[in-house]
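Architecture and fold: a report
Below, each chain spelled out in residue letters.
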Amino acid sequence: MTDTRRPRPRPAIPGFVRVPHSPRPAVPRSTRVVSAALALTGLLAVSACSGDSKPAQQDGPAVTAEPAALSPSPTPSPTPTDSPSGGVVRLTPDVMSRLDVAIKQVMSQASIPGVIVGYTTPDGSYQRAFGVADKDAGTTMSPDLYMRIGGVTKTFTATAVLRLLEQGKLGLDDPITTYVPNVPGGDGITLRQLGEMRSGLFNYTLDPDFQQAYLNDPNRPFTPDQLLAYAFKHPVNFAPDARFEYSDTNLILLGLVVEKAGGQPLPDFLNQQVFTPAGLTKTSLPTDAAFPDPHAHGYTNQTQSGAVEDSSTWNPSWGWAAGAAISNLADLQTWSKVLATGEPLLKPATQAERLKFKAVGTAPDVGYGFGVFTAHGWIGHNGSLPGYESVVLYLPQAQAGLAILLNTDIEHDGSEPSTSLAQAITQIVSPDNVYTVPAPPASGSPTASPTASPTASPSPAVSPTASPTASPSPAVSPTASPSPLVSPTATTPPAATTPAVPTGTATLHVS
């Protein structure tokens, strides 16, 4: 369910689903908001691999995607030499060629500018870059480019909470009001329920005023308190733990918890206690629109006019702890295993708390844990924000990791491009564990289940969202005085259904 593109309300499993809405008169086309925290689109995939042959690692120059048929051809059945072993197909030269073809076909069908893919098993590694990083300059994609990762950010924030749990500085069953005041019904909402996307709190990225503010000026900064103010003016959607519903609001609150219990700004805590010890040297949580070079340009249609624009310089502060992080392929391949196993950051007992998956709606083989999801055997998260999408997965029984990065969030036939890519890849490498996510619910549905659209933020199928701020501050104090729009803590707020976004309101999608 974290880990953005211009905000389009997009719920994700454990928090990511894109919810389309009719545009206001001032906005010619409806837009989507990407949840920064977590999106089903960005699940971690792990494949089991075994075998004697170990193909050479493919780290050659970037490959430019060539035109392909609009409909991918059927995936060839495994041959005796690449039959499934431990859950995944052996990574032979033939299998790698089939992956090249499948990825190019999806790119052609969905009009994806550029894609970076890394798939690793005990038998070998497949690493490729396809297409372009900059459409105007014609610069080719490269595996070393920095990318915005949306909802995958949620997995870092959740890990920071678990690190503090091991240090005895908080408890997962502590009420959120112990750390952040004035949360509606906060005395009855635990940190665990926030991480599991079961708090019932309204998702700020679905608020019409937030969406309009972001669309009007995607370069404006947002603070965590401002984001929470958008959420807290709405009634809660249901009683704590009553059901799963992806909400970026949950991760903004957990980010403030990390600052309160950890005693330092979230970016600093993540760098010192998550990124560095995990060996992530190219990963960061920016406090502004800064984007390290070299990076790919992102392309989105989550704009006022509905026209495609370059979003690479837009300010992702609206996603903060739910979806504003930046990373690259190598770091995300490393992170896929750390996230699924906990090593070297967490003790087995602590990791077990993360992996207590609960059902997400009626979707079979899909569940959400503490800031992470499981989908058909793969453990991980996805992310989406204006211009960028990501998927990070690990298949434990195969010790296989998959990371996908692309520079667009524009849907094709109602499907997230990252989901289409992950599905095409896993159909080849793990035919018994094909990555799929539930279809998004109808617009405005209060009981939306995870979807393929989270995030800047994610659960197995929920899209996380990010949050904007008026003036970013290096460290937001969780004990700061409540915003005028924040309702005082209620003892037991009545459960309420999520109000549908009024007709004529432009919407954003974030995951």
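Described in the following lines is the structure provided in the data block. Given the structure is predicted, the values throughout are model-derived calculations rather than measurements.

**Brief notes about the pairing of strand β5 (residues 124–134)**
Across the 11 residues that make up β5, a large majority, 10, are buried. Pairing between strand β4 (residues 114–121) and β5: eight bridges, direction antiparallel. Bridge assignment links V115 to a residue of β5, and that residue is F130. Count of turn residues in the β4/β5 antiparallel hairpin: two residues. Where β5 meets strand β6 (residues 139–140), two bridges bridge the pair, whose relative direction is antiparallel. Looking at the pairing, V132 lines up with T140 of β6.

**Section: the packing of helix α2 (residues 153–166) against helix α7 (residues 266–278)**
Direction vectors running N to C along α2 and α7 enclose 85 degrees, while the axes themselves pass 10 Å from each other. By the angle between their directions, the pair α2 and α7 is classed as roughly perpendicular. Only L266, F269, L270, Q273, V274, F275 and P277 of α7 make contact with α2, whose side of the interface consists of F156, T157, T159, A160, R163 and L164.

**Some thoughts on unusual backbone geometry**
A cis geometry characterises the amide bond from D293 onward to P294, with omega recorded as 0 degrees. Summarising the element assignment, P294 is placed in the loop between α7 and β8 (299–300). Along the chain, E343 connects to P344 via a cis peptide bond; the corresponding omega equals 5 degrees. Inspection of the secondary structure assignment puts P344 in the loop between α9 (329–341) and α10 (348–354). The phi angle at N182 is positive, at roughly 65 degrees, despite the residue not being glycine. Within the secondary structure, N182 is located in the loop between α2 and α3 (191–195).

Cut-offs applied
Residues numbered from 1 in each chain as written. Predicted model: local features only at pLDDT ≥ 70, side-chain atom pairs only at ≥ 80, totals over all residues. Heavy atoms only, no water. Buried < 20%, exposed > 50% of the residue type's maximum accessible area, 1.4 Å probe, protein only. Helix = DSSP H or I, 4+ residues; strand = E, 2+ residues; numbered from the N terminus. Pairing = 2+ DSSP bridges. Axes fitted to C-alpha atoms, helices over the stretch in contact; angles between N-to-C directions. Parallel < 35°, antiparallel > 145°, perpendicular 65-115°, else oblique. Contact = heavy atoms within 4.5 Å.

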